[in-house]
Amino acid sequence: MPRLSEVIAALETLWPAERAESWDAVGTVTGDPAQEVTRVLFAVDPVQEVVDEAVRLGADLLVTHHPLYLRGTTTVAAGTPKGRVVHTLIKNDVALHVAHTNADKADPGVSDALAGALDLRVTGPLVPDPDDPAGRRGLGRICELDHPLTVRELAERAARRLPATAQGIRVAGDPDAVVRRVAVSGGSGDSLFDRVRAAGVDAFLTADLRHHPASEFAASVEERPLALIDAAHWATEWPWCELAAAELDQISDRHGWGLRVHVSTTVTDPWTAHAASPVTTSPMGAPN
């Protein structure tokens, strides 16, 4: 069986920590480098439900996309939610390793997995990594469809192919507009609007779109309408877990490690219910 240090070294070849954004918190959070690893669980969020799942599974290593402590902390007391996570991990000898923006930029990365889930053909990164001479790494992806779809049809495809969440899929723009090229970005994407606007795409599929940025973006593309398709943050990043697990499986096979690699299906999207507004044709507009 490999040691944790060996598995982490392999993961660092996929998602080097130095490629993470300067504000990010990636790498190994808990774990003894000398401990043996036989079973690994991949998930989006290092929350208590996922850590409990790792313990039940008998995992020695939990790999998550989101950091446990992104902004630092002064306590890991078990009376706090994140402190309880730390205590559960250590008491049960479960190591935690995080690959966040370094996995976003990777080739293949989070947005490649999102594009693959939607059967989109990737043509290149939305924001290329200047340190990649091949031009394949970077944030987001620009994609082409095998055949044109309407915005509505693309949104319906996303609703079918991505994990179900209470939010579902929201659309801004003409639902009947035709989409041939689309930009995608797993996770929060409204910081990429300038890049999307310059990419010559017909739609942008991402998550966490806020009212004012979306409204201002819609106003800025009036001459060439560009639809926004907004999915749940967790749902757009979950496909990466399957991609990452497959990559570790291949590494395990090459080294003869015999790792048992799993993907968590625990839904950690924070929204748990959705009440749709009734369809109305009232000319009165919004209620007072």
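Above this note sits the structure.
Residues numbered from 1 in each chain as written. Predicted model: local features only at pLDDT ≥ 70, side-chain atom pairs only at ≥ 80, totals over all residues. Heavy atoms only, no water.

Novice: Just to check I follow, could you spell out the sheet that holds strand β3 (residues 61-64) for this structure?
Specialist: For sheets, the rule is that strands pair by backbone hydrogen bonds, running either parallel or antiparallel. Taken in spatial order, the five strands of this open sheet run β1-β4-β3-β2-β11, and their pairing is mixed. Strands with a single pairing partner mark the edges of an open sheet, and in this sheet they are β1 (27-30) and β11 (260-263). On average, each strand axis in the sheet is tilted by 25° relative to the strand beside it, whichever way the strands run. Alignment of strand β2 (residues 39-43) against β3, held across four bridges, turns out to be parallel. Within the sheet, the bridge partner assigned to L41 lies in β3 and is L62. Against the sheet, helix α1 (residues 4-14) contacts β1, β3 and β4 (95-98), and its axis sits at roughly 20° relative to β3. (Pairing = 2+ DSSP bridges. Helix = DSSP H or I, 4+ residues; strand = E, 2+ residues; numbered from the N terminus. Axes fitted to C-alpha atoms, helices over the stretch in contact; angles between N-to-C directions. Contact = heavy atoms within 4.5 Å.)

Novice: What's the story with helix α3 (residues 81-91) in this structure? I'm lost.
Specialist: What sets the pattern is the α-helix's 3.6 residues per turn: residues three or four places apart point alike. When we look at burial in α3, the residues that qualify are G83, V85, V86, T88 and L89. If you follow the buried residues of α3, they end up packed against β1, α2 (48-57) and β4. Downstream of α3 by one or two residues, D93 has phi in the positive range, about 55°. (Buried < 20%, exposed > 50% of the residue type's maximum accessible area, 1.4 Å probe, protein only.)

Novice: What exactly am I supposed to notice about the side chain of E53 here?
Specialist: With respect to the helices and strands, E53 occurs in helix α2. Although E53 lies buried, it forms no salt bridge, and the closest oppositely charged side chain, R56, sits 5.3 Å away as judged by the N-O distance. When residues no more than four places from it in sequence are discounted, the contact partners of E53 are L41, S264, T265 and T266. (Lys, Arg positive; Asp, Glu negative; His and termini not counted. Salt bridge = Lys/Arg side-chain N within 4 Å of Asp/Glu carboxyl O.)

Novice: What am I meant to see in the sheet that holds strand β10 (residues 227-231) here?
Specialist: Spatially, β5-β6-β8-β9-β10-β7 is the arrangement adopted by the six strands of the open sheet, whose pairing is mixed. Looking at which strands have only one partner, the edges of the open sheet turn out to be β5 (121-128) and β7 (170-172). On average, each strand axis in the sheet is inclined to that of its neighbour by 25°, with strand direction left out of account.

Novice: Just checking my understanding: could you explain the packing of aromatic side chains for this structure?
Specialist: Each aromatic ring pair is summarised here by two numbers: the centre-to-centre distance and the angle between the ring planes. For the coordinates displayed, the defined rule picks out four aromatic pairs. Pairing F193 with F204 gives two aromatic rings, centres 6.2 Å apart and planes at 75°, and the pair type is edge-to-face. Placement of the pair is F193 in helix α7 (residues 193-198) and F204 in strand β9 (residues 203-207), with a sequence separation of 11 residues. Classification of F204 as buried rests on a relative accessible area of 0%. By the ring-pair criterion, three or more aromatic residues cluster together here, those being W15, F42 and W240. (Phe/Tyr/Trp six-rings, centres within 6.5 Å; stacked < 30°, edge-to-face > 60°.)

Novice: Please explain the pattern of salt bridges as it appears in this structure.
Specialist: If the charged atoms of two oppositely charged side chains come close together, the side chains can form a pair. Following the criterion strictly, the structure yields 11 salt bridges and no others. Across the pair R161 and D119 runs a salt bridge, and its minimum N-O distance is 3.0 Å. On the criterion of sequence distance, the pair formed by R161 in helix α6 (residues 151-161) and D119 in the loop between α5 (110-117) and β5 is long-range, its members being 42 residues apart. On the accessibility criterion, D119 (42% relative accessible area) is partly exposed. Note that D129 and R137 form a salt bridge whose closest N and O atoms lie 3.4 Å from each other. Neither D129 nor R137 differs from the other in exposure class; each is buried. In this structure, a network of salt bridges that share partners links the residues D129, D132 and R137.

Novice: So what exactly am I meant to see when it comes to the side chain of D129 here?
Specialist: Within the secondary structure, D129 is located in the loop between β5 and β6 (138-150). According to the relative accessible area criterion, D129 is buried, its value standing at 12%. In this structure D129 touches R137 and G138, once residues within four positions along its chain are discounted.

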